[in-house]
Amino acid sequence: AVTVGLLLAARAEPRWHLAAVLLCLTAAAILTVARIRNPGIEALAWMAGMALASASAALIVGLLLAFGADLPFEDRERLREVALRSLAGLLAHQRAAGSTDSAVQTALRLVELDPLQEPAHRALMQLYVDTGRRGSALRQYQFCVATLQRELRTEPEAQTKALYHEILRRGQ
């Protein structure tokens, strides 16, 4: 109920969106601690944590899209960083749980939000390979290379190149 109230307040007053985000992140932390202290509820806490992480990430990205243009630059960048961290955490959670389809969607959102995040490109490449979509993995690499070249005039990190070459080797 408090989160809903904060979300409604956030619609009227954008400064309240950070309070809603912090509440969601706090709830996720509480669930994590509960899981550690009481292993008997681990499966329930894991599912609830996954749902909460997904909802938190969606909320943060939604708030960024809804209010981002109206926020001062510093607030917009702070919210963008929170969104990136939330999505990266959700992606790790989904990969650990074997939720490949959801992980692909989360990685795509990460790349959309910040195309310069090479770890997101690598995760997406690996997820594509894991689901038998080698062509998509190779295209993702090319997208990464083109983006880094256009935006930063640089090449991918060694780790990204190594994954690409491994994908090429496995296909032969």
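Residues numbered from 1 in each chain as written. Predicted model: local features only at pLDDT ≥ 70, side-chain atom pairs only at ≥ 80, totals over all residues. Heavy atoms only, no water.

**Points about the overall build of the protein**
Assigned secondary structure in the protein consists of eight helices and zero strands. Overall, the protein shows an N-to-C arrangement of helices and strands of α-α-α-α-α-α-α-α. Buried positions account for 37% of the 172 residues belonging to the protein. Excluding contacts between residues fewer than 6 apart, the proportion of contacts in the protein whose partners are at least 24 apart in sequence is 53%. Entry remark: accessible area of the protein is about 9,800 Å², with carbon and sulfur atoms responsible for 58%. (Helix = DSSP H or I, 4+ residues; strand = E, 2+ residues; numbered from the N terminus. Buried < 20%, exposed > 50% of the residue type's maximum accessible area, 1.4 Å probe, protein only. Contact = heavy atoms within 4.5 Å. Areas by Shrake-Rupley, 256 points an atom, 1.4 Å probe, with all protein chains shown as cover.)

**A short note on unusual backbone geometry**
Even without being glycine, Arg 153 reaches a positive phi, approximately 55 degrees. Within the secondary structure, Arg 153 is located in the loop between α7 (134–152) and α8 (158–170). For Arg 153, a relative accessible area of 63% corresponds to the exposed category.

**Digging into the side chain of Thr 160**
Following the sequence through the fold, Thr 160 ends up in helix α8. Ignoring sequence-local partners within four residues, the contact set of Thr 160 consists of Glu 118, Arg 122, Met 125, Tyr 141 and Cys 144.

**Here's the deal with the nonpolar core**
With 23 residues, the main nonpolar core has Leu 91, Leu 110, Leu 124, Met 125, Leu 127, Ala 137 and Ile 167 as its most contacted residues. At the level of elements, α4 (73–97), α5 (100–113), α6 (118–130), α7 and α8 are the ones that each hand at least two residues to this core. Here this core gets seven residues from one element, more than from any other, and that element is α6. Not counting chain neighbours up to four residues away, the residues in contact with Leu 110 comprise Leu 84, Leu 87, Ala 88, Leu 91 and Ala 120. (Core = buried A, V, L, I, M, F, W, Y, C linked by side-chain atoms within 4.5 Å.)

**Section: α4**
With 25 residues, α4 should reach 36 Å at 1.5 Å per residue; the first-to-last C-alpha distance of 36 Å fits that figure. Every buried residue belonging to α4 is among Leu 79, Arg 80, Val 82, Ala 83, Leu 84, Ser 86, Leu 87, Leu 90, Leu 91, His 93 and Gln 94, and all of these are buried. Directly beyond the C-terminal end of α4, a positive phi value near 80 degrees is found at Gly 98. (Expected span 1.5 Å × (residues − 1).)

**Digging into the confidence of the model for the protein**
Of the residues in the protein, 59% have a pLDDT of 70 or more, and the chain-wide mean is 77. Within the protein, the lowest mean pLDDT, 49, falls on helix α1 (residues 2–12), and the highest, 98, falls on α7. In this model, residues 1–8 is a region of pLDDT below 50 whose contacts with residues beyond four sequence positions or in other chains number nine contacts. (pLDDT = per-residue confidence, 0-100.)

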